[in-house]
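Geometric and topological summary
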Amino acid sequence: MDTSQYLEMFIDESKEHLQACNEHLLELEKNPLNLAIVNEVFRSAHTLKGMSATMGYEDIADLTHMMENVLDAIRNSKIRVTTEILDVVLQAVDYLEEMVMDIASGGTGKKDVTKLVESLNRIEVGGAVVAETAAAVVLEDEVSHEDSLSYDGYEMTVISQSFEQGFSAFEINVKLRDDCLLKAARVYMVFEILEKSGEIIKSEPKVERLENEDFNETFTVALITKEDADVLKAKVLKVSEIESVTVIPVKTDYLMRDADEEPAKETESIAPTSIDAETKKGKRNSGVQSGNKTIRVNIDRLDVLMNLFEELIIDRGRLQSIASEIHNPELNETVERITRVSGDLQSIILNMRMIPVETVFNRFPKMVRQLARDLNKKVELEIIGAETELDRTVIDEIGDPLVHLIRNALDHGIESPAERVAKGKPEEGTVTLRAYHSGNHVFIELEDDGAGVNRERVLAKAIKSGIVTKEAAESLTDRQVAELILASGFSTAEKISDVSGRGVGLDVVKNTIESLGGFMSIESKEGQGSLFQVQLPLTLSIISVMLVELKKEVFAIPLSSIIETAIIQTSEIMNAHNQQVIDFRGNIIPLLNLTEIFEIPERNSESDDYLSVVIVRKGERLAGLVVDSFIGQQEIVLKSLGDYLQSVFAISGATILGNGQVALIVDCNALIK
Amino acid sequence: MTDKLNQKEMKVIVFQLLDMEYAISVDIVQSIEKVLSITRVPKTPAYVKGVINLRGIVTPIVDLRERFGLTSKEMDDSTRIIIVTLDEFDVGLIVDAANDVLDIPVNAIEPQPEVVGSVESDFISGVAKVGKHLLVMLNLDKVLEPVKRVTSDEL
């Protein structure tokens, strides 16, 4: 079968199921007794197994199968949930993730899983050791194993659940006499008798064939009942024209254990809950499906849509400039309408590209768990506002910086349990990850109740690495000190640890955030913890800019960086250390001449008495950019310069103006140090 | 281009710089444009002329003359921009003229001689003799190595 057309779907769904597994497993660790959670995991693993087997990825299928076995044992309370078991299961999920990623990147999804399968096996067997020793000897009759029925997953589940509820299952092999005339009638009678005593879950041959007399003398029925084998046998034998009846208990190795090992009491108390949970879940699922109709759209198509829309915006800009030249009222009206409609269209398209930050956040609980164990710390990760939506482009970039921040919080923020107790804090540290919208921005905050920033240590370090001078250090506020840890070349960890502080430090995080057009700030109280706040724009693809002219070249300055524009007299310019500065509302701010910075060839060097200045900011620092003239404000589409021109100084990208010309976008963050 | 070597013939686009003729495989050529308005990008090597708006895509432009260290000349009516698509990006090449599309037999391509004109030999993958023409085959991966940040004299 050609499965390539399903590959994408397979990968998407596998990822979803694996994510679900991860989440539920972590939840399970907190509530090891909640078997409803196990059911959830089981369901995901089971679907995954089915899908991967269909797609021909046997390694995945094998591994999920083993996982399922373990989960099943947990579900049937044969194994108690322990951290060790979860470790192995989580590792299995990790492996599966790797395999799926491999497939996604064009690989075969093959991976050596034998070791993991072994440990899963050990867990499963470990839980089932009792079963083997206590294996009850039941009626081992004439019928050999080859005759016994094979069951699919659903039937297995039904059987094992009925065991839990104190039922037993039998395979009843009925042989009719050779001279039997009304075979279908006899079959019907047998079925009627059996249905009175229990529930028939399977027959071989199928019921339809039995009714059409399309079988030889024998048929086999699987029955779930509370009655004894002997009683059943006697009942069936009452039907005339029956040669013989054989009743054997259903026994596959898998089911045997379920049947024998379980202490009856315990099962009864558990089984109803799991079934309840299942039906509830079923209802909820169907409810969701009917209430919220969605289709899966390839993200590439959305990107194409976005690109086409960007073209439209460019043409709209062109149209606007033509209309303003022609002064035709009808044209103006039409252009206005187009502007309105395309504005609405823009918000819809942007909305479509929004995805919840959950997609980034959901890998953190597992990471925190692992890290906390590696560091011998107790940490609780709290996630708030995971449903907050962000543009896909931002989501793609934000993952790594957040990982870095979380690692930092766990490594440097949260103290060891002993230390925490000594300080009178709860043994378990709390790290809160929070996301919310505010205005045109999304805020992501990471708060920990750890040690906070140690002023003396940070200052000592900063002075040592030459970030601040001793004299300057005295006058710094606590907040400024805290911000020092974001400076490049700074790493507070005394020792370079595996987790964070490999010398890259938080400045990398800060730079990434700023390259996304965001800000990052830190608040910290010594002994009480720190709060890292990241502010990000809602979207990166369409931004508002101020267009300015430098000689004949047009540049765009993002509005988000601009404080205000001003016209100053040349006499106001002062000099300090070879740096031109101006007095801007009581602050002395540096003045940068963009014409010089961008090496724009001078065409006429007439000196004006007045200069146009754009005051821009980076965090709390300000600077004035001298330009020739302001053109105006405009919504523009951000385009990259491409991979050929990598990181051009102080240029963050380009855009296409209404007249078809390319204008470069000034990266104010690079201009202010 | 190497995988093309097994075939009998390859289709190339022939263009001119000064009095030399160069060839690149037609497969990687996306289009040939007349000169469009170029926006200068500051702080890039001199051979990067800037970027153009190529039907909505911002495409960097390289002046091949300057890339090869030849004397540059003002653009005129015959100047063309050849848009080539490499693995990672599109780049436009400024050439004096785009002359022809030719089928050249693969066995006519010889490894580069030690010295060919004044062009650095790294840029050349071979030389093809077709009739009276001598075509220099370009190794565009080398010619168009991505431009990293050139000057970081931060302020």
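These numbers were taken from a predicted model, which means no experiment stands behind them. All residue numbers here refer to positions counted from 1 along the written sequence of the relevant chain. Working convention: letters from A go to chains and numbers from 1 go to ligands, in the order in which they are written. Given that the model is predicted, a residue must reach a pLDDT of at least 70 before its local features are reported, and side-chain atom pairs must reach 80 or more before they are shown or counted; all residues, however, enter totals for whole chains, interfaces and linings. Heavy atoms throughout the structure, all of them, feed into the side-chain values; hydrogens and water do not.

Focus: the overall build of chain B
Looking only at helices and strands, one finds two helices and 11 strands in chain B. Secondary structure elements of chain B occur, N-terminal to C-terminal, as β-β-β-β-β-α-β-β-β-β-β-β-α. Burial here depends on accessible area, computed with a 1.4 Å probe over protein chains only, as a share of the maximum for the residue type. Under 20% is buried, over 50% is exposed, and the range in between is partly exposed. Looking at the 155 residues of chain B, the share that counts as buried comes to 46%. Each helix is a run of H or I in the DSSP string that is no shorter than four residues. Each strand is a run of E no shorter than two, and both are numbered from the N terminus.

Structural notes on the overall build of chain A
Helix and strand counts for chain A come out as 23 helices and 22 strands. The 673 residues of chain A split such that 47% are buried. Residue contacts are counted whenever heavy atoms from the two residues lie within 4.5 Å of one another. For chain A, the proportion of contacts with a sequence separation of at least 24, taken over those separated by at least 6, is 71%. Only the protein chains shown count as cover for residues, and all accessible areas are computed by the Shrake-Rupley method using a 1.4 Å probe. Here chain A displays about 34700 Å² of accessible surface, and carbon together with sulfur accounts for 50% of that area.

Observations concerning the interface of chain A and chain B
Size of an interface, as often reported, equals the accessible area lost when the parts are brought together. Between chain A and chain B, the contact holds 26 residues from the first and 30 residues from the second. Between chain A and chain B the total buried area reaches about 2600 Å² when both faces are included, carbon and sulfur atoms providing 61% of it. Counted as salt bridges are all cases of a side-chain nitrogen of Lys or Arg within 4 Å of a carboxyl oxygen of Asp or Glu. Remark: the boundary between chain A and chain B carries one salt bridge. The salt bridge partner of Glu553 of chain A is Arg40 of chain B, with a shortest N-O separation of 2.9 Å. Think of a polar contact as two N or O atoms within 3.5 Å of one another; within protein, one of them needs to be a possible hydrogen donor and the other a possible acceptor, and neighboring residues in sequence only count if both atoms come from side chains. The interface formed by chain A and chain B holds five residue pairs in polar contact (both at pLDDT 80 or more) in total. Contributing elements (two or more residues each) for the side of chain A that touches chain B: β21 (651-656) and β22 (662-666) of chain A. Looking at the side of chain A that touches chain B, the element that brings in the most residues is β21 of chain A, giving three residues. Side-chain classes are defined by residue name, with Ala, Val, Leu, Ile, Met, Phe, Trp, Tyr, Cys and Pro counting as nonpolar, Asp, Glu, Lys and Arg as charged, and the others, Gly among them, as polar. The residue makeup of the side of chain A that touches chain B, split by class, is 15 nonpolar, five polar and six charged. By convention, the term buried area covers the 1.4 Å-probe accessible surface removed from two parts as they join, with the contributions of both added.

Some words on the confidence of the model for chain B
Residue and element names in this part refer to chain B. For chain B, per-residue confidence averages 79 on the pLDDT scale, and residues scoring 70 or more make up 84% of the total. On a range of 0 to 100, pLDDT expresses the predictor's confidence in each residue. When the criterion is pLDDT under 50, residues 150-155 qualifies, and its contacts beyond four places in sequence or with other chains add up to 12 contacts. Reported confidences for the modelled complex are a pTM of 0.52 and an ipTM of 0.80.

Some remarks on the sheet that holds strand β16 (residues 579-584) of chain A
Residues and elements named next belong to chain A. If you walk across this open sheet you meet the six strands as β14-β18-β19-β17-β16-β15, and the pairing is mixed. Edge positions in the sheet fall to β14 (562-569) and β15 (574-576), since each of these pairs with one other strand and no more. Here the strands of the sheet are splayed against their neighbours by 40° on average, with no regard to which way each runs. As paired elements, strand β18 (residues 610-618) and strand β19 (residues 621-627) share seven bridges and run antiparallel to each other. Bridge pairing in β19 links Val616 to Ala623. We call two strands paired when DSSP finds no fewer than two bridges between them. Where helices are involved, their axes are fitted lines through C-alpha atoms of the stretch in contact, as for all axes, and angles between N-to-C directions lie from 0 to 180°.

What to know about the nonpolar core
Membership of the largest hydrophobic core comes to 63 residues, with the highest contact counts inside it found for Phe598 and Tyr644 of chain A together with Leu144 of chain B. With residues near it in sequence (within four places) discarded, Phe598 of chain A still touches Leu550, Phe555, Phe649, Ala650, Ile651 and Val666 of chain A together with Arg40 and Pro42 of chain B. Only buried residues count toward a nonpolar core. Its members are Ala, Val, Leu, Ile, Met, Phe, Trp, Tyr and Cys residues joined through side-chain atoms within 4.5 Å. Counting 51 residues, the second-largest nonpolar core is a separate cluster that includes Val379, Val431, Ala462 and Val509 of chain A.

Side note on helix α2 (residues 35-55) of chain A
The first and last C-alpha atoms of α2 of chain A sit 30 Å apart over 21 residues, in line with the 30 Å expected at 1.5 Å per residue. Directly after α2 of chain A, the chain includes Gly56 of chain A, whose backbone phi takes a positive value near 85°. A helix is expected to reach a length of 1.5 Å times the quantity of its residues less one.

Digging into the environment of Leu433 of chain A
All names here are of chain A. Note that Leu433 resides in strand β8 (residues 429-438). Spatially, the C-alpha atom of Leu433 lies 6.5 Å from that of Glu447, the residues being 14 residues apart in sequence. Those residues in contact with Leu433 that lie beyond four places of it in its chain are Phe361, Phe364, Leu381, Glu382, Ile383, Ile384, Ile406, Ile444, Glu445 and Leu446.

Concerning the packing of helix α3 (residues 58-75) of chain A against helix α4 (residues 83-104) of chain A
Residue and element names in this part refer to chain A. Look at α3 against α4: their axes get within 10 Å of each other, and the N-to-C directions meet at 155°. Here α3 is positioned roughly antiparallel relative to α4, judged by the angle of their axes. The crossing of α3 and α4 is left-handed. Facing α3, whose interface residues are Asp59, Ile60, Leu63, Thr64, Met67, Val70 and Ile74, α4 presents Ile85, Val89, Ala92, Val93, Tyr95, Leu96, Met99, Val100 and Ile103. When the residues that make up the contact of α3 with α4 are grouped by side-chain class, the tally is 14 nonpolar, one polar and one charged. These descriptions rest on fixed angle ranges, namely under 35 degrees for roughly parallel, over 145 for roughly antiparallel, 65 to 115 for roughly perpendicular, and the rest for oblique. Left-handed describes a crossing in which the near helix is turned anticlockwise from the far one by less than a right angle; the clockwise case is right-handed.

Comments concerning the pairing of strand β6 (residues 80-85) of chain B
All names here are of chain B. The sheet contact formed by strand β3 (residues 29-34) and β6 spans five bridges and is antiparallel. Counterpart to Ser31 in the pairing with β6 is Ile83. Summarising the sheet, β6 and strand β7 (residues 90-95) pair through six bridges and their orientation is antiparallel. Paired with Val84 across the two strands is Val91, which belongs to β7.

Re unusual backbone geometry
Among all residues save glycine, negative phi is the norm, and among peptide bonds the norm is trans. Within the chain, Asn376 of chain A stands out as a residue other than glycine whose phi angle is a positive 55°. One non-glycine residue with positive phi stands out, namely Leu18 of chain B, at about 50°. Mapped onto the fold, Leu18 of chain B is located in the loop between β1 (9-17) and β2 (20-25).

Some details on the side chain of Glu415 of chain A
Residue and element names in this part refer to chain A. If you trace the backbone, Glu415 turns up in the loop between α16 (392-413) and α17 (417-422). Among the polar contacts listed, one links the side chain of Glu415 to the backbone nitrogen of Ala451, at a separation of 3.4 Å. Leave out the neighbours within four places in its chain, and Glu415 touches Lys377, Arg420, Lys423, Lys425, Asp449, Gly450 and Ala451.

Overview of the pairing of strand β17 (residues 587-593) of chain A
All names here are of chain A. By the bridge criterion, four bridges tie β16 to β17 in an arrangement that is antiparallel. Each residue of the ladder has a partner; that of Phe584, found in β17, is Asn587. The hairpin formed by β16 and β17 contains two residues between the paired strands, and Arg585 there has a positive phi angle of roughly 45°. Here β17 pairs with β19 via three bridges, running parallel. Following the sheet pairing, Leu591 is matched in β19 by Gly624.

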